[in-house]
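What follows is the residue order along each chain.
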Amino acid sequence: MESNTETLTLQDIEHRFAEIKRRITGRDLKENTIKNNAKMIAKIMAATGGIPIWLFPEKVEAHLDNSNLSLTTKRNYISLMLAMVNYEKQIAENNEVDDAIKRYISLITEAEKQVATNKQERVVSAKKQEQQVMPSVVYDIVDGLNANKHHNLALIVEILMKYPYRAEVGTLIYYKLEDFNKLKNKTENYLVVGKRKIFVSRSDYKTSHKYGTIKNDITETDLKKKIREYIEMNDIQSAHSMFGFATAQEFSKRLGYMTKKLAGISLGPAAIVKVMLSNQGFKDMAEAADYLREASRVRGTSLSVLQDVYLHSTKLED
């Protein structure tokens, strides 16, 4: 295949990625999904000379092999390369990319097999081993965040130690119950507070296309009290951001930075949820099954994924 030095802007990449995904899936992707994936594509392009790197699978392999990335992240990059080369084939009508398509499919298949093997053998990366801390470490971080007046992050961490949300928890919009009931288009993520009841309603999260709007009550008395105190202390107005983060990515980045600064360990939302799930105490298997079933509903994922990915080596039967 001849070298292609075409210069593409981030907007070009977004357009191509959105177009091919629409062609393949039959639906439009969320704007955030398009932008985040386009940034990943632009990142690997920048690291490999600025060319449309997806046209050169051998260069992609070499770059990923020399990078300090997890297997799943490498697989995600390869999937993005496959999408871009599929654009070349299906939309740009470039008939010289068949070999590249075959190679990417082969690489993805190999990666999927290795991911499955690692799950079966409970292979955990060094970074994730570092993140397998005791709940006491997480609550020490909460104390540190509060001491340094990062009350928003501290409260979010406490919420994540009770409920298995993803990073969209950082984007919650606070509503008084009476205002929420008047809201017609409930398409975002909300924390709703009434005189007695507090609940979370999420419509904009990673798997919302599959699970739709998910609601769950905040039932812990102590957590409800802290939420009310935070709202009053920070004078949060109804229909305004609860924690001040515009995007899930902004929140994740800030949380990772602050936990690294305070404890020497970078903990994102998923890592904190893993700590929470891995340290639940169950009196029997029936209680464990009920808890994990509800946790999978709240998170918006399958029970098998929750067990395989979000539990460390803790055995439920123990």
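Coordinates for the structure precede this section.
Summarised in this report is the structure supplied together with it. (Residues numbered from 1 in each chain as written. Predicted model: local features only at pLDDT ≥ 70, side-chain atom pairs only at ≥ 80, totals over all residues. Heavy atoms only, no water.)

**A few points about the packing of aromatic side chains**
Per the stated rule, a full pass over the model turns up seven aromatic pairs. When the ring of Tyr 175 is compared with that of Phe 180, the centres are 6.2 Å apart and the planes differ by 70°; the resulting orientation is edge-to-face. Owing to a relative accessible area of 12%, Tyr 175 belongs among the buried residues under this scheme. Chaining the aromatic ring pairs together yields one cluster made of Tyr 175, Phe 180, Tyr 190 and Phe 199. Its guanidinium or amino end placed over the ring of Phe 180, Lys 186 lies 4.9 Å from that ring's centre, counting from NZ or CZ. One residue, Arg 202, lies across the ring of Tyr 205, its end atom 4.9 Å from the ring centre. (Phe/Tyr/Trp six-rings, centres within 6.5 Å; stacked < 30°, edge-to-face > 60°. Buried < 20%, exposed > 50% of the residue type's maximum accessible area, 1.4 Å probe, protein only. Lys NZ or Arg CZ within 6 Å of the ring centre and 35° of its normal.)

**Observations concerning the pattern of salt bridges**
Once their charged atoms are close, side chains differing in charge can pair, the charge on each being opposite to the other. Under the definition given, this model contains 16 salt bridges. Between Arg 103 and Glu 61 there is a salt bridge, with the nearest N and O atoms lying 3.0 Å from each other. With Arg 103 in helix α5 (residues 98-120) and Glu 61 in helix α3 (residues 57-65), this residue pair connects regions lying 42 residues apart in the sequence. On the basis of relative accessibility, which here comes to 30%, the residue Arg 103 falls in the partly exposed class. Take Glu 61: its relative accessible area is 22%, and that puts it in the partly exposed class. A salt bridge links Lys 197 to Asp 217; its shortest N-O distance comes to 3.9 Å. Of the two residues, Lys 197 sits in the loop between β2 (189-193) and β3 (198-202) while Asp 217 sits in strand β4 (residues 214-217), which places them 20 residues apart along the sequence. The structure contains a network of salt bridges with shared partners spanning Glu 14, Glu 31 and Lys 35. (Salt bridge = Lys/Arg side-chain N within 4 Å of Asp/Glu carboxyl O. Helix = DSSP H or I, 4+ residues; strand = E, 2+ residues; numbered from the N terminus.)

**Some thoughts on the sheet that holds β2**
As summarised here, the arrangement of the five strands in space is β4-β3-β2-β1-β5, forming an open sheet in which the pairing is mixed. Both outer strands of the open sheet, β4 and β5 (240-241), are each paired with one neighbouring strand and no more. Direction of pairing for β3 relative to β4: antiparallel, over a ladder of four bridges. Bridge assignment links Val 200 to a residue of β4, and that residue is Asn 216. Together, β1 (173-176), β2 and β3 form the strand contacts of helix α11 (residues 221-233), whose direction differs from that of β2 by roughly 100°. (Pairing = 2+ DSSP bridges. Contact = heavy atoms within 4.5 Å. Axes fitted to C-alpha atoms, helices over the stretch in contact; angles between N-to-C directions.)

**Topic: α11**
The end-to-end C-alpha distance of α11 is 18 Å, a good match for the 18 Å that 13 residues give at a rise of 1.5 Å each. Those residues of α11 that sit buried are Leu 223, Lys 224, Ile 227, Tyr 230 and Ile 231. For α11, the buried positions fall inside an angular range of 125° around the axis, keeping them on one side. Turned more than 90 degrees away from the buried face of α11 sit Thr 221, Lys 225, Glu 232 and Met 233, all of them exposed. Buried residues along α11 sit against α8 (151-160), β1, β2 and β3. Trailing α11 by a residue or two, Asp 235 shows a phi angle of about 50°, which is positive. (Expected span 1.5 Å × (residues − 1). Arc of directions from axis to C-beta.)

**Observations regarding the pairing of β1**
In the sheet, β1 pairs with β2 via four bridges, with the strands oriented parallel. By the bridge assignment for β2, Tyr 175 is matched with Val 192. Across two bridges, β1 lies against β5 in antiparallel orientation. Bridge pairing in β5 links Ile 173 to Ser 241.

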